[in-house]
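Architecture and fold: a report
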Amino acid sequence: MAETQPPTDEELDAWIRARLRLIGVDLDQLPETDDPVTGSPTREQALASLRRFLRGTVPAVSGWRPADDPALQQQTMPPVLYPAPHSAWTQSDGGGR
Amino acid sequence: MTEQLTRRFFVARSVALATATTLAPGVLPRWAGDGTATATTTPEVAVRSAAVADPTELTVAEAAALIRRRRLTSEELVRACLRRIEEFDDIYLAFNTVLAEQAIRDARRRDRQSPRGPLHGVPLAMKDLFYTEGVRTTANSFIFEDFVPPYTATAVQHLVADGGILLGKTQMGPLATSRATLPNGELTTVNAWTPLDVTVYPGGSSTGSATAVAGRLAPGSTGTQTGGSITSPSNAQNLTGLKPTHGRVSAYGVIPLTYTRDHPGPIARDVLDAALLLQCMAGEDPNDPRTQGLPPLPDLVRAATPVRRSGRVDARRRTRIGVLPGYLDARPDIVDARRTLLDTLDRIRGLRVVEVDPPDEWELLSDAFNNVRLSERTEPFRPYLTQDLQLFGVSVLNWLRGLFMSADEWITGQRAKLTLLSRLLDGVFDECDVVLQTSPVPLDIVGLPEIGFPIGFGGDPTVPIGAILGGPPYEEDRLVEVVAAYQAVTDWHHRRPADPPTDTAARTRMSHARVAHRLTATEAARLGQ
């Protein structure tokens with residue numbers, strides 16, 4: 001398999017803007033320069049922040065698996081929205097330890 | 001949006017906005033999981049002489065005891081708090097809204113009644129994201145700057161039903177991120193221990209709730225935590241904050257930050273107050289499914305009552321206190337405070353300090369995976385994101401980030417939560433009963449209970465140093481027992497900051513400093529992750 005090249009800033013910016021347009025979020029509502037009245041970041045600051053997020057958090061989360069074996073990992077750790085309540089809801093004696 | 005609109009409610013804060021609907025006491029019964037009504041234990045405490053002399057020094061439990069014994073009226077206590085608010089809150093900026101006339105009216109009514117609950121007649125401050133019927137609830141944001149909720153949050157109803165009086169709404173990080181600022185990032189609330197230095201961290205996002213209690217403007221308050229927003233301001237301001245297990249306290253009527261991690265809880269001056277307030281706030285709520293089917297709340301007031309045998313303090317139960325690697329890797333004064341804490345705990349009969357190993361992938365699961373919540377932050381705010389990004393002010397970046405995690409990645413995050421919980425329960429909590437932490441985040445991610453409490457002072461300028469103890473699900477009582485024993489042999493929790501200077505020059509310097517220091521959007525994103 002050919003090595004995947006990481007996306008450039010320009011590619012990420014294009015994708016960010018397209019994604020936002022698809023769901024009706026207008027990045028151009030943000031100012032071009034600092035705006036002390038609202039404290040809003042500039043458009044470029046927002047794009048830079050989103051690029052950092054896409055290059056940092058997203059791959060870290062996306063690449064993680066609860067076990068090494070690609071088949072067996074599917075069988076472990078199903079998603080749980082509320083871990084602490086889940087621990088009580090699944091106790092036969094009504095919860096707690 | 002005009003500057004005038006921006007500042008309307010935040011700078012010209014409204015003392016005596018008493019046109020609002022009065023909260024009716026006793027309106028909401030609480031039900032245990034088995035359908036039976038729950039009772040709240042009322043603590044009978046001895047009242048310190050310093051507190052008798054100055055009602056604003058009273059803890060919640062002390063104040064309630066004096067009112068029950070007819071040695072103090074609720075009105076006297078409310079008026080004493082209002083006097084301090086009038087005198088000092090232009091420096092502290094702890095409150096957004098002070099309900100002076102309403103609180104006095106409620107206090108007079110309480111004084112005519114026989115005691116109706118363990119908080120009878122005690123004024124409390126509410127973080128300004130708890131819905132309060134008829135009273136503006138802003139979350140220090142542009143989005144909610146004119147929002148007047150049609151009902152009161154369940155947790156606040158519980159406090160009022162147990163006799164509490166709503167004194168006002170406290171400043172917070174915009175939409176519950178960062179330390180308290182105006183929506184545009186301009187710093188507001190200060191640390192009560194350094195009232196003239198706005199740059200000293202006061203903790204967030206429940207900043208005003210902590211400053212109000214530390215500065216003796218209110219005996220107790222509420223906060224919410226979705227990362228560290230109860231334990232952090234408690235540690236920063238020499239207070240005791242109890243973040244309960246997820247679901248213990250209803251989040252119905254709380255402006256959401258993250259559905260799966262929002263934890264309402266108390267911020268107090270000592271562990272007994274934290275236990276008492278949590279006991280009142282907690283309970284099953286038909287409007288919040290997260291609160292249903294959970295273990296019954298232990299008797300937290302009993303847990304917060306220290307056990308004394310033969311003139312010495314004992315642990316209520318044998319408890320192993322885990323210490324993770326790196327706990328003593330910190331600034332020298334913090335290390336000294338932590339060493340003293342460990343020695344003190346180890347000397348209490350029944351407590352034992354033990355070293356424990358962190359779970360596998362501890363850093364990854366509690367760092368990068370902390371950001372999985374950003375999608376949940378974004379989703380309930382989608383209408384505002386499409387309306388106007390500037391409504392989010394300084395906080396917009398993390399709301400935008402939440403749009404860029406795919407659904408499959410979010411699912412991976414939920415699998416990671418169960419992994420982290422399993423490793424904690426099978427690993428860390430196999431080796432110990434409670435664990436000292438350097439960050440509240442890992443246990444917060446999986447909804448486990450935590451308590452922040454004071455352990456000393458240090459730094460330049462000198463500020464409080466705190467500790468965070470965490471435990472297994474629904475074992476708040478174990479945390480409370482340990483801190484009750486610790487506070488019975490230490491006096492950090494009795495120490496109060498000096499009053500701010502009242503001269504005009506100091507106030508002028510403060511107002512200039514606030515304008516000069518503001519959070520940028522990038523800083524707000526980092527602090528609010």
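Structural notes, computed from the coordinates.

What follows covers the packing of helix α9 (residues 271–281) of chain B against helix α18 (residues 476–488) of chain B. For any two helices packed against each other, the geometry is given by the interaxial angle and the distance between the axes. All names here are of chain B. It is at 9 Å that the axes of α9 and α18 come closest, and there the two elements cross at 155°. Judged by the angle between their axes, α9 and α18 are roughly antiparallel. Between α9, through Val271, Ala275 and Leu278, and α18, the contact on the second element is made entirely by Glu476, Val480, Val483, Ala484 and Gln487.

All names here are of chain B. Pairing analysis gives 3 bridges linking strand β8 (residues 307–309) to strand β9 (residues 312–323), with the strands arranged antiparallel. Following the sheet pairing, Val307 is matched in β9 by Asp314. Sheet topology note: the β9/strand β10 (residues 349–355) ladder contains 6 bridges and is parallel. Looking at β10, one finds that Asp314 is bridged to Arg349. Note on the crossover from β9 through helix α11 (residues 332–347) to β10: the handedness is right-handed.

What follows is about the packing of aromatic side chains. Residues and elements named next belong to chain B. Counted under the stated rule, the structure contains 16 aromatic pairs over all chains. Ring geometry for Phe144 against Phe381: centres 6.3 Å apart, planes inclined by 85°, an arrangement best described as edge-to-face. Taken together, the positions of Phe144 in the loop between β3 (123–127) and α6 (154–161) and Phe381 in the loop between α13 (374–378) and α14 (382–387) put the pair 237 residues apart, joining distant regions of the chain. Judged by its relative accessible area of 8%, Phe144 is buried. An aromatic cluster is built from Tyr131, Phe144, Phe147, Tyr151, Tyr252, Phe381, Tyr384, Phe392 and Trp399, whose rings are joined through pairwise contacts. Against the face of Trp399 rests Arg377, its NZ or CZ located 5.2 Å from the ring centre.

Before going further, it helps to examine empty space enclosed by the protein. All names here are of chain B. Taken as a whole, this structure holds 6 cavities of 30 Å³ or more when the rule is applied. Roughly 60 Å³ of internal volume is contained in the largest cavity. Lining the largest cavity, in full, are Arg261, Leu365, Phe369, Val372, Arg373, Gly413, Ala416, Lys417, Leu420 and Ile445. Across the lining of the largest cavity, the residue classes break down as 6 nonpolar, 1 polar and 3 charged.

Quick notes on the rules
Residues numbered from 1 in each chain as written. Chains lettered and ligands numbered in written order. Predicted model: local features only at pLDDT ≥ 70, side-chain atom pairs only at ≥ 80, totals over all residues. Heavy atoms only, no water. Axes fitted to C-alpha atoms, helices over the stretch in contact; angles between N-to-C directions. Helix = DSSP H or I, 4+ residues; strand = E, 2+ residues; numbered from the N terminus. Parallel < 35°, antiparallel > 145°, perpendicular 65-115°, else oblique. Contact = heavy atoms within 4.5 Å. Pairing = 2+ DSSP bridges. Right-handed = clockwise from strand over helix to strand, strands pointing away. Phe/Tyr/Trp six-rings, centres within 6.5 Å; stacked < 30°, edge-to-face > 60°. Buried < 20%, exposed > 50% of the residue type's maximum accessible area, 1.4 Å probe, protein only. Lys NZ or Arg CZ within 6 Å of the ring centre and 35° of its normal. 1 Å grid on protein atoms, 1.4 Å probe; cavity = no way out; pocket = protein on both sides within 12 Å on 5 of 7 lines; lining within 4 Å. Points joined across faces, edges and corners; volume = space filled by probe spheres on them. Nonpolar A, V, L, I, M, F, W, Y, C, P; charged D, E, K, R; others polar.

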